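Each chain, letter by letter, is given below.
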Amino acid sequence: MKILSVFGTRPEAIKMAPVIATLRETPGVTSRVCVTGQHRGMLDSVLATFAIRPDDDLALMRPDQTLSDVFAGVMTGLDGILAEWRPDYVLVQGDTATSTAAGMAAFFRRIAVGHVEAGLRTGNLASPWPEEANRRVTAVLAERHYAPTQRARAALLMEGIAADRILVTGNTGIDALLRTAEAVAVPGATRSRLEAAFGWLEAGARTILVTGHRRESFGSGFESICEALARIAGRPGVQVVYPVHPNPNVRGPVHARLGGIPGIRLIEPLDYPEFVYLMTRASLILTDSGGVQEEAPVLRKPVLVMRDTSERAEAVEAGVARLVGTDPATIVSAVHRLLDDSATYAAMASGASPFGDGHASDRIVADLVAHAGAPMPVRLRPLIPREFADPARAARGAQRIA
Ligand code: UD1
Ligand code: UDP
């Protein structure tokens, strides 16, 4: 049984690492790993952390590359590997250009696709852009759908995916987090190294950890976020720590606006164990990242999401995340409230973990083993799923997901 895992960005690598580890240990499975190199430095860092040595590297990253460059490069680069190796399944993760293009390339070769982290939806194609479209396209192509939550399963059902092709698994990102958080917490060489590396954190100050990279916030959105961070840093007893994403559309404005402001530390993207450690040291987290929204609640850290929509509504509903958009006044007042009001803080630091129990990878691999080898069924889905044929019902559904 041959499984080809394809990924290319930092979050895909983190979320695929536990799956690859499980595939490696599963008797009867030959696991091959192809990285597209959509990201370079951030991807290589994760590969080193999890000791993954890819079999293939398409080395696609170019500075400020366009989405079409990535898409075309993945499809062309992968096609030869698919033709030559003929895996039983291609596994893709999430909603990046890499994952959708890889799914498409496999589909064109009539090779079955397993979609890890299927069914996340905001119901809004503009946010997150272009990810909402990417994941919908992958859902149309995939044979097996690994939904992290019941909500994600419901979204897939509503789009006409047959129930027997969906498995609710939890998010593999939580598998990676729990293993790493444990390694980081245990006294020993790793912890001592991390404590030394972050010796510059002011002991008496409360750390606000920030990440941000969403394309729909480029321009005015990022200016607003920077304005909010500058105001927050003016509060005594607070230090803002921001590992800045290397995308030039993020790095340029962030350094121009926030560089040199006292109380704000702009740093390079962190290796994953370093980032997990820093999350454990933070009082709260401000982010637009998908993965960080899932991780922060597990570590009992309130997370304020600098977006207008989230496909991780489970965290908002559980009260452990709050959507604050990019308006500076809203962000600043939400931060102050958390820092000033211990009851609000405690409610958001409840430890609810809606996204998984740390065993998603086992479920996914067991399911693949059960299904691999089965020929790709020639089964046309209805062009318009029944639910969407009724506009009133479709509208109710979209509201439920949003
Ligand atoms: C991509 C994904 C997004 C995911 C994000 C995670 C798409 C459409 N977007 O967005 O879903 O949330 O990754 O971070 O697939 N760069 C470097 N070094 C790196 C990585 C990136 O220099 O290690 C720079 C390059 O100039 C690159 C640019 O960042 O061209 C943008 O990278 P790209 O992968 O196209 O998009 P992201 O915005 O990172
Ligand atoms: N992360 C990291 N170093 C950093 C910032 C984030 O290792 O400096 C990790 C984080 O723990 C999470 C993932 O990267 O697992 C999130 O990646 P990103 O925000 O780039 O993408 P998204 O999840 O939004 O697709």
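Residues numbered from 1 in each chain as written. Chains lettered and ligands numbered in written order. Predicted model: local features only at pLDDT ≥ 70, side-chain atom pairs only at ≥ 80, totals over all residues. Heavy atoms only, no water.

As annotated in an unreviewed UniProt entry, the protein is UDP-N-acetylglucosamine 2-epimerase (non-hydrolyzing) from Methylobacterium crusticola. Turning to the protein, the UniProt annotation filed under Catalytic activity (unreviewed entry) states: "UDP-N-acetyl-alpha-D-glucosamine = UDP-N-acetyl-alpha-D-mannosamine". Under the heading Sequence similarities (unreviewed entry), UniProt records this for the protein: "Belongs to the UDP-N-acetylglucosamine 2-epimerase family." (UniProt positions renumbered as here; feature names shortened; annotations may be inferred.)

Asks: I tried to follow unusual backbone geometry on my own but got confused; where do I start?
Replies: Residues apart from glycine generally show negative phi values, whereas peptide bonds are mostly found in trans. For the bond from S127 to P128, the omega torsion is 0 degrees, close enough to zero to count as cis. Within the secondary structure layout, P128 lies in the loop between β5 (112-116) and α5 (131-141). Note the cis peptide between W129 and P130, where omega equals 5 degrees. Mapped onto the secondary structure, P130 falls in the loop between β5 and α5. Positioned with a positive phi, A59 is a non-glycine residue whose angle comes to about 45 degrees. (Helix = DSSP H or I, 4+ residues; strand = E, 2+ residues; numbered from the N terminus.)

Asks: Mind showing me how you'd approach the site of ligand 2 here?
Replies: Around ligand 2 sit 15 residues in total, of which L270, S289, G290, G291 and E295 are the nearest. In this structure, an oxygen atom belonging to ligand 2 sits 3.2 Å away from a side-chain N or O atom of R214. L270 is positioned such that a nitrogen or oxygen atom in its backbone is 2.8 Å from a nitrogen atom of ligand 2. Considered on its own, ligand 2 offers 540 Å² of accessible surface; in the complex 94% of this is hidden by protein. The set of elements that each furnish at least two residues to the shell around ligand 2 consists of α1 (10-25), α11 (272-281) and α12 (290-298). Looking at the shell around ligand 2 element by element, the count peaks at four residues for α12. (Near = heavy atom within 4 Å. Polar contact = N/O pair within 3.5 Å; in protein donor to acceptor, adjacent residues only side chain to side chain. Areas by Shrake-Rupley, 256 points an atom, 1.4 Å probe, with all protein chains shown as cover.)

Asks: Explanation requested: the site of ligand 1 in the structure shown.
Replies: Surveying the vicinity of ligand 1 reveals 24 residues, the closest of which are Q38, H39, D64, A97 and E131. Take R214: an N or O atom from its side chain is 3.2 Å from an oxygen atom of ligand 1. Considering ligand 1 on its own, with 750 Å² of exposed area, one finds that the protein chains cover 93% of that surface.

Asks: Could you clarify how one ought to interpret the UniProt feature "domain: UDP-N-acetylglucosamine 2-epimerase" (unreviewed entry) in the protein in this entry?
Replies: Mapped onto the present numbering, the UniProt feature "domain: UDP-N-acetylglucosamine 2-epimerase" (unreviewed entry) falls on residues 22-366. Spanning residues 22-366, this segment combines 47% helix with 15% strand, and its end C-alpha atoms are found 10 Å apart.

Asks: What exactly am I supposed to notice about the packing of helix α7 (residues 172-185) against α12 here?
Replies: The angle between the axes and the distance between the axes are what describe a pair of packed helices. For the pair α7 and α12, interaxial distance at closest approach is 10 Å and the crossing angle is 50 degrees. One element, α7, and the other, α12, form an angle in the oblique class. Read as a crossing pair, α7 and α12 show a hand that is right-handed. Taken together, the residues of α12 that come into contact with α7 (itself represented by I174, L177 and L178) are E294, E295 and V298. (Axes fitted to C-alpha atoms, helices over the stretch in contact; angles between N-to-C directions. Parallel < 35°, antiparallel > 145°, perpendicular 65-115°, else oblique. Left-handed = near helix turned anticlockwise from the far one by under 90°. Contact = heavy atoms within 4.5 Å.)

Asks: Explain the sheet that holds strand β4 (residues 89-93) here, please?
Replies: Within a sheet, neighbouring strands are paired by backbone hydrogen bonds and run either parallel or antiparallel to one another. Taken together, the seven strands give an open sheet; going across it, the order is β3-β2-β1-β4-β5-β6-β7, and neighbouring strands pair in parallel fashion. Two strands in the sheet have a free side with no partner beyond their single neighbour: β3 (56-57) and β7 (166-168). Looking at chain direction, strand β1 (residues 2-7) and β4 are connected through three bridges and run parallel. The residue of β4 that forms the bridge with S5 is L91. Across the sheet, helix α3 (residues 67-85) touches β1, β2 (30-35), β3 and β4, and the angle it forms with β1 is around 175 degrees. In the packing of helix α4 (residues 97-108) onto the sheet, contacts are made with β1, β4 and β5, and the angle to β4 comes to roughly 160 degrees. (Pairing = 2+ DSSP bridges.)

Asks: When you look at the pattern of salt bridges in this model, what are you seeing that I'm missing?
Replies: Proximity of charged atoms lets side chains of opposite charge pair with each other. Tallied over the full model, the rule gives 28 salt bridges. A salt bridge links K15 to E294, with the shortest nitrogen-to-oxygen separation between them at 2.9 Å. With K15 in helix α1 and E294 in helix α12, the pair connects residues that are 279 residues apart, well separated along the chain. For K15, a relative accessible area of 6% gives the class buried. We classify E294 as buried; its relative accessible area is 2%. Where salt bridges share partners, they join K15, D95, E117, E132, R135, R136, E294, R307, E311 and R312 into one cluster. (Salt bridge = Lys/Arg side-chain N within 4 Å of Asp/Glu carboxyl O. Buried < 20%, exposed > 50% of the residue type's maximum accessible area, 1.4 Å probe, protein only.)

Asks: Help me understand empty space enclosed by the protein in this model?
Replies: Picture a little ball the size of a water molecule; that probe, rolled over the atoms, points out where space is still empty. For the structure shown, the criterion picks out one cavity of 30 Å³ or more. Looking at the largest cavity, its volume works out to about 80 Å³. Together, 14 residues line the largest cavity, and L120, T149, A152, E311 and E314 are the ones closest to its centre. In terms of residue count, the dominant contributor to the lining of the largest cavity is helix α6 (residues 150-158) (three residues). Its residues assigned to classes, the lining of the largest cavity comprises six nonpolar, two polar and six charged. (1 Å grid on protein atoms, 1.4 Å probe; cavity = no way out; pocket = protein on both sides within 12 Å on 5 of 7 lines; lining within 4 Å. Points joined across faces, edges and corners; volume = space filled by probe spheres on them. Nonpolar A, V, L, I, M, F, W, Y, C, P; charged D, E, K, R; others polar.)

Asks: Hey, could you run me through the sheet that holds strand β11 (residues 284-287) in this one?
Replies: The parallel open sheet is built from six strands, whose spatial order is β10-β9-β8-β11-β12-β13. Each edge of the open sheet carries a strand with a single partner, namely β10 (264-267) and β13 (321-323). Between one strand axis and the next, the sheet turns by 20 degrees as a mean value, whatever way the strands run. Two elements, strand β9 (residues 238-243) and β10, share four bridges in a ladder whose sense is parallel. Looking at the pairing, Y242 lines up with L266 of β10. Contacts between α12 and the sheet are confined to β8 (206-211), β11 and β12 (303-305), with β11 contributing the most and set at about 165 degrees to the helix.

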